[in-house]
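Fold and contact review
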Amino acid sequence: MVCLGNICRSPTAHGVFQQRVESAGLAALIEVDSAGTGDFHLGEKPDVRSRKAAQQRGYNLSSLRARQVRSDDFERFDYILAMDDNNLRDLQAQCPAPLQHKLRLFMEFADNNYLSVPDPYYGDGEGFQLVLNLVEEAADALLNHIRKQDLQG
Ligand code: 4NP
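Computed from a prediction, not measured in an experiment: that's the story for all the values here. (Residues numbered from 1 in each chain as written. Predicted model: local features only at pLDDT ≥ 70, side-chain atom pairs only at ≥ 80, totals over all residues. Heavy atoms only, no water.)

**Describing the overall build of the chain**
- On a plain count of helices and strands, the chain comes out with 5 helices and 4 strands.
- When the helices and strands of the chain are read in sequence order from the N terminus, they spell out β-α-β-α-α-β-α-β-α.
- Taken against the 2.2 N^0.38 rule, which gives 15 Å for 153 residues, the C-alpha radius of gyration of the chain at 14 Å falls within 12% of a compact globule.
- Across its three principal axes, the chain shows a C-alpha extent of roughly 40 × 35 × 30 Å.
- Expressed as a percentage of the 153 residues in the chain, the buried residues total 48%.
- By sequence separation, contacts in the chain at least 24 residues apart represent 69% of the contacts at least 6 residues apart.
- About 7900 Å² of surface is accessible on the chain, with carbon and sulfur atoms providing 46% of the total.
- Here the chain contributes 16 positive and 22 negative side-chain charges, whose respective centroids are spaced 4 Å apart. (Helix = DSSP H or I, 4+ residues; strand = E, 2+ residues; numbered from the N terminus. Rg over C-alpha atoms; globule rule 2.2 N^0.38 Å. Buried < 20%, exposed > 50% of the residue type's maximum accessible area, 1.4 Å probe, protein only. Contact = heavy atoms within 4.5 Å. Areas by Shrake-Rupley, 256 points an atom, 1.4 Å probe, with all protein chains shown as cover. Lys, Arg positive; Asp, Glu negative; His and termini not counted. Charge placed at Lys NZ, Arg CZ, Asp CG, Glu CD.)

So, in structure tokens, the structure goes:
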């Protein structure tokens, strides 16, 4: 899961998807991680507004720490999912050509009108609820996709 700062959207997606994976009993098969394209918040916990909004829905993001995308991520992960178009473009600029197929928008998996998770950082608190709504929907859809695409047979 990749966003700009790795303190709002991608840690939310990380925590929610990790919970979905654990509930499905698939934690031994699916590794979840998150990172930012930028480096301004390295080592920080998720934004307090993201942690609070997540906590209200039963997710605990406090153990996560921001890190930046690094070159071995493109080898290591099968799905590298950007929260918005800017994040996707930044990833495309860094990723080796043979691995570009791993790069997608996270919201592609959800069946709604959103293609990106809007950045909530500079907005009012409502943005954090929207992040959670979108992330929960896409996380469910992503798990269904992986079950069908990668875990059958
Ligand atoms: P995120 O949100 O990409 O969802 O983690 C942001 C966090 C920090 C900044 C921008 C977006 N920033 O400019 O510091």
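**Points about the environment of asparagine 144**
- Tracing the backbone shows asparagine 144 in helix H5 (residues 126–150).
- Taking relative accessible area as the criterion, asparagine 144 reaches 44% and is therefore assigned partly exposed.
- Sequence-wise, asparagine 144 and phenylalanine 109 are 35 residues apart; in three dimensions their C-alpha atoms are separated by 9.2 Å.

**Some remarks on the side chain of arginine 67**
- Assignment of secondary structure puts arginine 67 in the loop between helix H2 (48–56) and helix H3 (73–76).
- The class of arginine 67 is buried, set by a relative accessible area of 16%.
- At 2.9 Å, the side chain of arginine 67 forms a polar contact with the side chain of aspartate 73.
- Apart from the residues lying within four places of it in its own chain, the contact partners of arginine 67 are Asn6, Asp33, Ser34, Ala35, Gly36, Leu42, Asp73 and Phe77. (Polar contact = N/O pair within 3.5 Å; in protein donor to acceptor, adjacent residues only side chain to side chain.)

**A look at the pattern of salt bridges**
- Within this structure, the stated rule accounts for 10 salt bridges.
- Across the pair aspartate 33 and arginine 67 runs a salt bridge, and its minimum N-O distance is 3.0 Å. Taken as a pair, aspartate 33 in the loop between helix H1 (9–23) and strand E2 (35–36) and arginine 67 in the loop between H2 and H3 lie far apart in primary sequence, 34 residues in all.
- Arginine 49 is paired through a salt bridge with aspartate 47; the nearest N and O atoms lie 2.8 Å apart. (Salt bridge = Lys/Arg side-chain N within 4 Å of Asp/Glu carboxyl O.)

**What about the site of the ligand?**
- In the vicinity of the ligand, the contacting residues are Cys3, Leu4, Gly5, Asn6, Ile7, Cys8, Arg9, Phe40, His41, Asp119, Tyr121 and Tyr122.
- Separating an oxygen atom of the ligand from a side-chain N or O atom of aspartate 119 is a distance of 3.4 Å.
- Considering the ligand on its own, with 350 Å² of exposed area, one finds that the protein chains cover 92% of that surface.
- Of all the cavities here, the one that holds the ligand is the second largest pocket. (Near = heavy atom within 4 Å. 1 Å grid on protein atoms, 1.4 Å probe; cavity = no way out; pocket = protein on both sides within 12 Å on 5 of 7 lines; lining within 4 Å. Sits in = over half its atoms within 2 Å of the grid points.)

**Some words on the environment of asparagine 87**
- Among the structural elements, asparagine 87 can be located in helix H4 (residues 85–94).
- By relative accessible area, which is 2% here, asparagine 87 ends up buried.
- Leave out the neighbours within four places in its chain, and asparagine 87 touches Val2, Cys3, Leu4, Arg9, Thr37 and Ala82.
- Here methionine 83 takes part through its backbone nitrogen, which lies 3.5 Å from a polar atom of the side chain of asparagine 87.

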